[in-house]
Amino acid sequence: MPETRFVAACVQMRSGRDPGANRDAAVAGVREAASRGAQFVQTPEMTSLVERDRARLFAVVRGQDEDETLAALRDAARETGTVVQIGSLAIRAGEKIANRAFLIGADGAIVAAYDKLHLFDVDLPSGERWRESSTYTGGACAVVAPTPWAEIGLGICYDIRFPALYRALAEAGASVLTAPACFTRQTGEAHWHVLHRARAIETGSFMISAAQGGTHEDGRETYGHSLIVDPWGRVLADAGGAEPGVILAEIDLSAVADARARIPSLQHGRPFTIERVGSPGTAPS
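Computed from a predicted model, the values in this text were never measured in an experiment.

Participant: I keep staring at the packing of aromatic side chains and nothing clicks. Help me out?
Facilitator: Any two aromatic rings considered together are summarised by their centre-to-centre distance and by the angle between their planes. Under the counting rule described, the total for this entry stands at 4 aromatic pairs. Judged by centre distance (6.3 Å) and plane angle (75 degrees), the rings of F6 and F40 are edge-to-face. Placement of the pair is F6 in strand β1 (residues 5–12) and F40 in strand β2 (residues 40–42), with a sequence separation of 34 residues. The class for F40 is buried, based on a relative accessible area of 1%. Ring geometry for F6 against W149: centres 4.5 Å apart, planes inclined by 15 degrees, an arrangement best described as stacked. With F6 in strand β1 and W149 in the loop between β9 (143–146) and β10 (151–154), the pair connects residues that are 143 residues apart, well separated along the chain. Among the residues examined, F6 registers a relative accessible area of 3% and is labelled buried. What makes W149 buried here is its relative accessible area of 10%. Grouping aromatic residues by their ring pairs yields a cluster made of F6, F40 and W149.

Next comes the structure, spelled out in structure tokens:
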């Protein structure tokens, strides 16, 4: 029987333009978390590189087999005996780049990989303009993967705005859901906490999301506030603003069964059709 309790950690980072320095910071974070009792450690989206300049990005990104951060974190997982979720790495994928997450077993083996499904193409009121689709290739498959304690649903950053994805992951057996992120400061201040609490409550699942935080070398500002949220929507750990660091919380999986028994919404979903009545702007007669 799998254990029903484990200690999870989020490594909050401020990754810059030097993949080697980011790699070392991520490995140090995993080691710190393990030394404090973590059995599962998650790093943020774009662990190895935060770079908005396309030419600079393509100059340093490598394929999966050549990625030094992936290799180093596999070694760190093996060395510390922890399960490591790499929030994501920029991985060369033909003419574009995959925003790819990895789940690494305590033996250092790659258990699963997931390419971010939803790409962030937006114009913010602040004047910030993001077109991830011009550089990144979106994934086509959601992923639920095993850990020694629970099935985990893999998501990345913008994915959290798509509740149907998280419901599908929970319906497929995940009791721990994730959205490691490089969330902009502006959107994070507005929505980061409420989105995490909503996804946890809707699915009766734990949410674990490590984040980037602070002002990065490429000029972007990210929100930080790595979070661990329980299935009732309570925040168990919050890294606070923008400073790098490690947060931990005990995950008691009996809380998943309890929340889903109290509010069995996953069992109550029904297929439906939509009937559109009338035409826009026309009042009924």
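Participant: Which parts of the structure should I look at to understand the environment of F206?
Facilitator: By secondary structure assignment, the location of F206 is in strand β12 (residues 206–209). Between the C-alpha atoms of F206 and D18, which are 188 residues apart in sequence, the distance is 33 Å. Aside from chain neighbours lying at most four places away, what touches F206 is S175, V176, L177, V229, D230, P231, L236, I251, D252, L253, A255 and V256.

Participant: What should I look at first to understand the sheet that holds strand β15 (residues 227–229) in this one?
Facilitator: Backbone-to-backbone hydrogen bonds pair the strands of a sheet. The strands run either parallel or antiparallel. One open sheet holds the 6 strands; their spatial order is β9-β10-β11-β12-β15-β16, and the pairing between them is mixed. Of all the strands in the sheet, the pair left with one neighbour each is β9 and β16 (235–238). Direction aside, the axes of adjacent strands within the sheet are offset by 20 degrees on average. Pairing of β9 with β10 involves 4 bridges; the strand directions are antiparallel. Looking at the pairing, V143 lines up with L154 of β10. Strands in contact with helix α4 (residues 163–171) are β9, β10, β11 (176–178) and β12; relative to β11, the strand with the most contacts, it is inclined by about 150 degrees.

Participant: Is there a simple way to think about the pattern of salt bridges in this case?
Facilitator: This structure, assessed with the given rule, holds 18 salt bridges. Close ionic contact of D252 with R5 constitutes a salt bridge, the shortest N to O distance being 3.1 Å. Highlighted residues: D252 in strand β17 (residues 245–252) and R5 in strand β1, separated in sequence by 247 residues. With a shortest N-O distance of 3.2 Å, E243 and R14 are connected by a salt bridge. Within this pair, whereas E243 is found in the loop between β16 and β17, its partner R14 is found in the loop between β1 and α1 (19–35), the two being separated by 229 residues in sequence. Where salt bridges share partners, they join R5, E250 and D252 into one cluster.

Participant: Would you mind showing me how to read helix α5 (residues 185–203) here?
Facilitator: Structurally, the α-helix is built with 3.6 residues per turn, so residues lying three or four positions apart point the same way. End to end, α5 covers 26 Å across 19 residues, agreeing with the expected 27 Å (1.5 Å per residue, within 8%). Taking the largest bend as the criterion, α5 deviates by roughly 50 degrees, centred on H191. Every buried residue of α5 is accounted for by T187, G188, W192, L195, H196, R199, A200 and T203. Two residues or fewer past α5, G204 is found with a positive phi of approximately 60 degrees.

Participant: It is not clear to me how the pairing of β12 should be interpreted in this structure. Could you clarify?
Facilitator: Along a regular strand, successive side chains alternate from one face of the sheet to the other. Alternating positions in β12 separate into two faces, F206 and I208 on one and M207 and S209 on the other, with burial throughout. For β11 and β12, the ladder comprises 3 bridges, and the chain directions are parallel. Each bridged residue has a counterpart across the sheet, and for V176 the counterpart in β12 is F206. Tracing the backbone out of β11, into α5 and back to the parallel element β12 gives a crossover that is right-handed. Sheet topology note: the β12/β15 ladder contains 3 bridges and is antiparallel. Following the sheet pairing, M207 is matched in β15 by V229.

About the thresholds
Residues numbered from 1 in each chain as written. Predicted model: local features only at pLDDT ≥ 70, side-chain atom pairs only at ≥ 80, totals over all residues. Heavy atoms only, no water. Phe/Tyr/Trp six-rings, centres within 6.5 Å; stacked < 30°, edge-to-face > 60°. Helix = DSSP H or I, 4+ residues; strand = E, 2+ residues; numbered from the N terminus. Buried < 20%, exposed > 50% of the residue type's maximum accessible area, 1.4 Å probe, protein only. Contact = heavy atoms within 4.5 Å. Pairing = 2+ DSSP bridges. Axes fitted to C-alpha atoms, helices over the stretch in contact; angles between N-to-C directions. Salt bridge = Lys/Arg side-chain N within 4 Å of Asp/Glu carboxyl O. Expected span 1.5 Å × (residues − 1). Bend = angle between axes of the 7 residues up to and from the residue. Right-handed = clockwise from strand over helix to strand, strands pointing away.

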